[in-house]
Every structure is written in structure tokens, then in C-alpha cells.
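So you can see what is in the structure, the chains are spelled out below.
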Amino acid sequence: MDVYLDGAGRRIQRELAPEIGHFIGFGWSRLVARPNLLECRKNDSPMTYPSQVWRIAQDAVAVQLGGNIMIALKQSFMACALWVGLASLCFAQLPVGVVTPSPFKRPRTPVGPPLNHGVLTLPPPGLTLGPAWEGPFAGAKPIGFNWTLTNTTPIAQSGNFSVLVDGQPTKVDGLSQIQGLLPASQQSGFFFIPGLQKGTHTTTLELYPPGRPSFISKGQKPVSPITQVSTDIQVLAPFVDADGDTLDDNFEHAMLEHYRPYYKFSQPGLFEKAQSEPNWEPYPPMDAMDYFGRATVGVPNTSWSGWNLTLMPAGSLANGQFNAILGINSPSSGSCPDAGACSSDMTKNARRTQYAIDSPALGDASAAMDKMKAVGNTGLYGHVVPYNQNTAQGAVHRYFTNDDNRNLIKIEYWQFFPYNGGSFPHGGDWDTVQLLVDMTDNLPCQKPTLFGEIVSVFHYHHGDESRFDFSDCVIGEVNGEAGVYQFVTTDHKKVQLFRDPAGDFSHPVAFIEYATHEFWPTSEGFEDGTPNHDGNGASFLTSTPPNLGEVEAPLTEYPGAMALMRYNGYWGRCCLVNKPPPGPSLHTEWTWPVSSSIGWQLQGKEP
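Remember, predicted model here, so these are calculated numbers, not experimental data. (Residues numbered from 1 in each chain as written. Predicted model: local features only at pLDDT ≥ 70, side-chain atom pairs only at ≥ 80, totals over all residues. Heavy atoms only, no water.)

Asker: Would you mind showing me how to read the side chain of histidine 383 here?
Answerer: Inspection of the secondary structure puts histidine 383 in strand β14 (residues 380–387). Note on histidine 383: relative accessible area 0%, which makes it buried. Side-chain polar atoms of histidine 383 contact the side chain of glutamate 550, separated by 2.9 Å. Leaving out residues up to four positions away in the same chain, histidine 383 has contacts with Leu256, Lys410, Ile411, Glu412, Asn547, Gly549, Glu550, Trp590 and Thr591. (Helix = DSSP H or I, 4+ residues; strand = E, 2+ residues; numbered from the N terminus. Buried < 20%, exposed > 50% of the residue type's maximum accessible area, 1.4 Å probe, protein only. Polar contact = N/O pair within 3.5 Å; in protein donor to acceptor, adjacent residues only side chain to side chain. Contact = heavy atoms within 4.5 Å.)

As C-alpha cells, this is what we get:
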């Protein structure tokens, strides 16, 4: 409200005051401001001025005058109010003047209790600022920020932004300005700043009035920002792309954390209960390197019931020696369809071989499930890669129409089980749920997040794909499951997402088949002879899986990443009717980076 009174109450910084004194012909004794008095501001509508002037006349001015003169004074104020309204003048737009007591009249004590003197201002508009993705950040790569300005004042706001890093101005790309933001409205935006050195840095976003000078001359009072906000970010290291897929490895890890799946294991159905199966998952997940550490490696016989040739006895891959599995080369054992070299490393032999790993003893399934639920992650691994179907990737996976040229990010979660039960058992089991994420789009049923928005969710079961696209959908909370929401398209496709504490629908829910582990989007759907996937067993949000990197450039987050991705044989030895699967990179659902030299010639993939 910008009404200023000095300690004696004899000075007013409201420019209309001397003008009113001039019109009335009387000096002023004192102006008293009351806290409930809403005064005129520069951008106020002129049609509000007469009522404001009249309120000042009634509530803010006391002059020691006689009764008849007071009546005349009120009439003069009313005339002044009409004059101001017709002229469309605002108090703050008139010349600054100083109000002094009349030499003819003794000041009168103001009515009401004394007030604290000072500047009365409206609260500034609200401004929020946050990094565009969770840290830690890579120092050599630009860092992105999201901002939102909410106009909580009764007047429109305009202004120019300024960005400081550790108190100093910095170069900014993509920062928009504010033009006439109406009351109760919001405007959001995004900007980049250059990469930073290792350490903690404070980024400050300030909004200044339009026309603020770029520098302050000597003796010139600095312009204060309308509003400002700061946030701290942690920079650990320069930009790192050790797996060579053009994405920062720290960013990939943060993506895997943000979108990690929500698991819903299932209880036995009528058939399983008739077989006296337990109420918990009988073949729970296992860490892949624990599996390697107890495994025997060889070439199975033709019935897949034993070994034709044992190449590595049990325990050979224990104590961190799992990469030794990549050193097998036995061309005369029938491990490859020809008599040439038959390396077990797909970077040297880009095809599936007949090498196999046996299934070790499983142990206490109930205890293993309790442990997994407690820690949130056993045998779960992540793979993040850029995707554009107008590159070589589109020859393998073309998800959209030919004119779709979006640069997306593919996020894959791979879960390992040491054994697959059911009517057609086999050793080893790899299952996956995957997402396509767009960092720029604005999609239905979702709100923008620091990690983009989900374009599609993919669940895979028995060689089939259940795909959900966020093109059009409705949302409703799933009864009996806190935080789980179901999305439905107009053609009745469904998917469920778990809502994290930040309010983002970011975690795909996987309904896991009892004993056979196939991933389904809901409890609906079935295939003949498959077990129940009601999701009524253990349910929990998984913890962040390690990022494997790429086959040709494994990361070190998981010590066994190289062996896990490059081993080109079978994960299991049983059984002839339903052979065990290969590793993740030999599944058709694995997305290879454009830079790969072997992904496009690899033979022996399977869904």
C-alpha cells in the first residue's frame, strides 16, 4: 500500500496528498494509516480511485476544524474523488510532495491507537524453482531447472528474470519473461545454466520490474526484485557417459530410481492349491551373481536332462570370478552350429550358443520373499537408452507411425528368477516391464515431472506384449490399494501406476504370475494353462536397481554387468519341452543403442 509515515507522523509519500491539500485550500495536520485500508497502486484500475479517496477522507485523515468547515471539507473530498476518477489518475503517478502542518491550526491527536510506522506492502507473488531431474549432477553438461510463478497479488504482474549462481550472474538459455500475468494465474517455464564445478551450488531466480537497468550507476538506488527463490544442487563430477549411449550415466540412474516398478506377487489359484503349493511365491528372485557363484556350466545333452560336456564345475564362478564365463570357447562340443570358434562372449561371437548354466539349490523360498520385500530389490536390473525409431532402432522396434520423429528414452527393468515352475517348468527366468518416456511432451492423464512423462508402458508375458499408450484415458483410484491408480483408454486398455510421495504417477505396477513370474498390467487377462496373477501376494515398491549400461560398454554399478549382458548361452539347463531363456540382451525386447556395432547382427534372439 506504500503509505509512509515518519516517527512524528508528518511526512507522507503518497503523491496525491499535497494535490488534495491544494484543492481544499487547507493545510494538513496528520495522516493516519490503518491496517485494513487498501490503498491505490500504480497498476490499479482507475475506476477504484474515488472510493479509495473517500475512504482516506473518512478513515485516514483528521483535521482540527470547526463543524461547518468539516462539512465543507468532506464535500471538497467528494469533489476531489470525482475529479480523480474522471481523470483516471492514480496516487502513485502524481508528483512527490511533502505534507506539513498548517501554521494556523494546532495538530489534533489522531483517533484510535498508535500504529507502527513503515512501508506497508502486498505479499510478493509466489515463485518456485527446482532442478529438472534429481541429482547428483554432471558438471560439464548444462543443468536444467523448472520454475513456476503464481500471481498471489490482486494486480497483473510483468517483469524480467535474472539468474544467479552462488550470488553471481550467469549465462542462461531458454528463460522466458513475464507479461501481464493475471491475478490467481500461473506461468511455468524451463531454463538451462552452464555446467558447474564439483561441489554444492546455490541457484537463485529473481523477477525484476520491466525496464530495470542492466547496471546501477553511482549513487543510484538498486532495484529490488519483485520476488525471488533459491535452490541448492549437488554436482559430483563432470558429465560421464561411460556406456557410450549419449545419456549422462548419473541421469540414467536417476531415471531408474524415479520410474522403478511396483510389484504385486500372486497367491496360488485353485489348481496350485490342489497341488498343496504354498501361499507365497515358491520360486522367488535371486541375484544373478549369486546364481553364477553356485552354477555348473556346460553343454546339455539332447534331452536337456543332464550334461553332454561339463566345462566349468560348480563354484568356478564364485568369489567375484563371474566374468570367467565369458572365456569359454569349445567349438567341438556342439555348442555352436558350425565347427568354427564358439566364444561365450557375444561381443566376439554375436549369436546364441548352446552353453547352459544349471539351476542351483533354491533354499527357503518364504525367507527369500521376506528378504526381498524388506530390501525392495533382489535380482532386478536397469537399462536406459535413447530411442528414435527413424534410426536403426526402428528396424527392430517401430512403436509409432512413420511421421513420429520424437527423441524418447527407453527404460527397461529386467528381473531374474532362478527357476520357473508351473505346468511347463524350466531353469532360469527373465521377465521385464518397460517404459518409453518423453522429456518434452504434455500427455493426457499425467502432470509434467522432472523426468518427463510416460508415453507407453509395456508388460511382457508368454511371448506376448501388453502395451498401454497415454493418448487418451481416464483415471480412478484402485479400491483397497493405497497409492495405486488405474488408467483406462477409450478402447478399454488398462494399466496401473503407483503414485509416489511427490504426487507423480511414475511407477508401473507389475502383476506377477504365481510360480511362472510373467508380468501383467492388471489382474485381468489370462492364457490357457497359466497360473493365477491376482496380485494378492506380497506387494511393494522396488528399490532402485543398478544400471547395467550397454553390452559393449558395461557400467560398474553392478559388478556382474559384463557377464550378465555378454554371456550368450542359456540361463538354466532344464527342460526339453520348455527350454530356459537366454540373458536380457538376447531378448527381442532389449533396445540396443544406435552406436552399437553388434546389436543389429546378433543372431538367436527370442521374445
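Next comes the rest of the description.
Asker: Mind showing me how you'd approach the sheet that holds strand β11 (residues 297–300) here?
Answerer: Note: strands within a sheet are paired through backbone hydrogen bonds, in either parallel or antiparallel orientation. On the basis of which strands lie adjacent, the open sheet formed by three strands has the order β12-β11-β13 and antiparallel pairing. Since the sheet does not close on itself, it has two edges, and those belong to β12 (307–312) and β13 (356–357), each with one partner. Of the pairings in the sheet, the one linking β11 to β13 comprises two bridges and is antiparallel in character. By the bridge assignment, glycine 298 is partnered in β13 with alanine 356. (Pairing = 2+ DSSP bridges.)

Asker: Would you take a moment to explain the sheet that holds strand β1 (residues 126–131) for this structure?
Answerer: What the three strands build is an open sheet, ordered β1-β3-β7; its pairing is antiparallel. Looking along the sheet, the strands with just one partner apiece sit at the ends: β1 and β7 (186–193). For this sheet the average axis-to-axis angle between neighbouring strands, irrespective of direction, equals 20 degrees. The pairing of β1 with strand β3 (residues 143–150) spans six bridges and is antiparallel. Bridging from a neighbouring strand, glycine 126 pairs with threonine 150 of β3. (Axes fitted to C-alpha atoms, helices over the stretch in contact; angles between N-to-C directions.)

Asker: In this structure, what is going on with the side chain of asparagine 377? I would like to understand it.
Answerer: When you line up the elements, asparagine 377 lands in the loop between α7 (365–375) and β14. Asparagine 377 gets classed as buried once you look at its relative accessible area, which sits at 18%. If sequence neighbours within four positions are ignored, asparagine 377 has contacts with Met372, Ser543, Thr544, Pro545 and Pro546.

Asker: Could you clarify how one ought to interpret the packing of aromatic side chains in this entry?
Answerer: Aromatic ring pairs are described here by two measures, namely the spacing of the ring centres and the angle between the planes. Counted according to the given criterion, the structure contains 28 aromatic pairs. Pairing phenylalanine 251 with phenylalanine 451 gives two aromatic rings, centres 6.4 Å apart and planes at 20 degrees, and the pair type is stacked. Of this pair, phenylalanine 251 sits in helix α4 (residues 249–258) while phenylalanine 451 sits in the loop between β16 (426–438) and β17 (453–461), placing them 200 residues apart in sequence. Residue phenylalanine 451 is classed as buried on the basis of its relative accessible area, which comes to 1%. Ring geometry for tyrosine 262 versus phenylalanine 498: centroids 4.5 Å apart, planes at 10 degrees, classification stacked. Taken together, the residues tyrosine 262 in strand β10 (residues 262–264) and phenylalanine 498 in strand β21 (residues 494–499) connect sequence positions 236 residues apart. When its relative accessible area of 7% is taken as the criterion, tyrosine 262 is described as buried. Residue classification places phenylalanine 498 among the buried positions, given a relative accessible area of 14%. Within the aromatic cluster, the residues linked to one another by ring pairs are Tyr291, Phe292, Tyr381, Phe416, Trp430, Tyr558, Tyr567 and Trp571. Over the ring of phenylalanine 458 we find lysine 410; its NZ or CZ atom is 5.8 Å from the centre of that ring. (Phe/Tyr/Trp six-rings, centres within 6.5 Å; stacked < 30°, edge-to-face > 60°. Lys NZ or Arg CZ within 6 Å of the ring centre and 35° of its normal.)

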